[in-house]
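Commentary on secondary and tertiary structure
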Amino acid sequence: MKYGLWLLLVLWPMAGLANEAGLAELLGRIRYNGSAEFSYQETRKLELSSSPWNGRGMMLSGVDGSLIKLQLQPMRVIMVSTEQRMYYWDPEQQQRHSALIAQAGAAGEEITLFRSIIQGHTEQLQSTYNFTHQVHGKAWTLRMTPKPGLNDESAPTIEISGNEDDSKQQVLIRQADGESTEYLMVKTAEGPEVEKSIRRLLLEAIGD
């Protein structure tokens, strides 16, 4: 018994280092430093709805940190997040909106959070979230839970999962009120052509 306890005390720091190294490796796998395009399927479970809302489209992530959500179904809508501003364009309803992210309230916080997840800038979330991860064979899961004592009690819990195919990921965002949004994402392209698409969609959303 004493030997087992001594061995545990000796190996505990090594286990901690291995766990940190594994987390760092996992965070590196989900980081996209260049431009990338993803197809997505979105499922929202809302408190006041008896059935989930479903959508699909494309996500485009730019080298400048911009993120574009091009919803194609159930209707075409463009949502853009740059470093400072958000843009929204619904061609069917002829509705166009623009706002500073800092003044966009919950919508600005949500797009900033999602942009950090998609682009792998998880260091921006470490002041708010505790990170844990699990690896089972080729499957992995990264969980981010709000740190205790936060002033923002509405901060969601986030779970990102995947396997050895880094082009496919699942993102689950659970709100404090029980509502959730799940994205199934597959990387479909990267490089200069994605940047051209980003510029074109940004101009369309702005209205130029």
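Residues numbered from 1 in each chain as written. Predicted model: local features only at pLDDT ≥ 70, side-chain atom pairs only at ≥ 80, totals over all residues. Heavy atoms only, no water.

1. With respect to the pairing of strand S11 (residues 180-190)
One ladder, built from 10 bridges, connects strand S1 (residues 36-45) with S11; its direction is antiparallel. The residue bridging Lys45 from the neighbouring strand is Ser180, located in S11. Examined bridge by bridge, strand S10 (residues 168-174) and S11 share 7 bridges and lie antiparallel to one another. The partner of Lys168 across the bridge, within S11, is Val186. Here S10 hands over to S11 after 5 residues, with Gly178 in that stretch at a positive phi of 100 degrees. (Pairing = 2+ DSSP bridges. Helix = DSSP H or I, 4+ residues; strand = E, 2+ residues; numbered from the N terminus.)

2. Some details on the pattern of salt bridges
Applying the stated criterion across every chain yields a total of 6 salt bridges. For Arg44, the salt bridge identified is with Glu42, shortest N-O distance 2.6 Å. Classification of Arg44 as partly exposed rests on a relative accessible area of 29%. Judged by its relative accessible area of 1%, Glu42 falls in the buried class. The partner of Glu159 in a salt bridge is Arg143, and the shortest N-O contact between them spans 3.0 Å. Highlighted residues: Glu159 in strand S9 (residues 157-162) and Arg143 in strand S8 (residues 139-146), separated in sequence by 16 residues. Residue Arg143 is classed as partly exposed on the basis of its relative accessible area of 29%. (Salt bridge = Lys/Arg side-chain N within 4 Å of Asp/Glu carboxyl O. Buried < 20%, exposed > 50% of the residue type's maximum accessible area, 1.4 Å probe, protein only.)

3. Digging into the packing of aromatic side chains
How two aromatic rings sit relative to each other is set out by the distance from centre to centre and by the angle between their planes. Tallied over the entire structure, the rule returns 1 aromatic pair. Aromatic pair Tyr40 and Tyr183: ring centres 5.9 Å apart, planes at 65 degrees, arrangement edge-to-face. Separated by 143 residues along the polypeptide, Tyr40 in strand S1 and Tyr183 in strand S11 bring together distant segments of the chain. Among the residues examined, Tyr183 registers a relative accessible area of 6% and is labelled buried. Positioned over the ring face of Trp53 is Arg44, at 4.6 Å from the centre of the ring. Sitting over the ring of Trp89, Arg96 keeps its end group 3.8 Å from the ring centre. (Phe/Tyr/Trp six-rings, centres within 6.5 Å; stacked < 30°, edge-to-face > 60°. Lys NZ or Arg CZ within 6 Å of the ring centre and 35° of its normal.)

4. Observations regarding the sheet that holds strand S6 (residues 95-100)
Pairing within the open sheet is antiparallel, and its 11 strands lie in the order S6-S5-S4-S3-S2-S1-S11-S10-S9-S8-S7. If you trace the sheet from one side to the other, it starts and ends with S6 and strand S7 (129-136), each paired once. Geometrically, the sheet is characterised by an average inter-axis angle of 15 degrees between neighbouring strands, direction not taken into account. Looking at chain direction, strand S2 (residues 53-61) and strand S3 (residues 67-73) are connected through 6 bridges and run antiparallel. Bridge pairing in S3 places Met59 opposite Lys69. Contacting S1, S2, S3, strand S4 (77-81), strand S5 (85-90), S6 and S11, helix H3 (residues 192-206) crosses the sheet at an angle of about 115 degrees to S2. (Axes fitted to C-alpha atoms, helices over the stretch in contact; angles between N-to-C directions. Contact = heavy atoms within 4.5 Å.)

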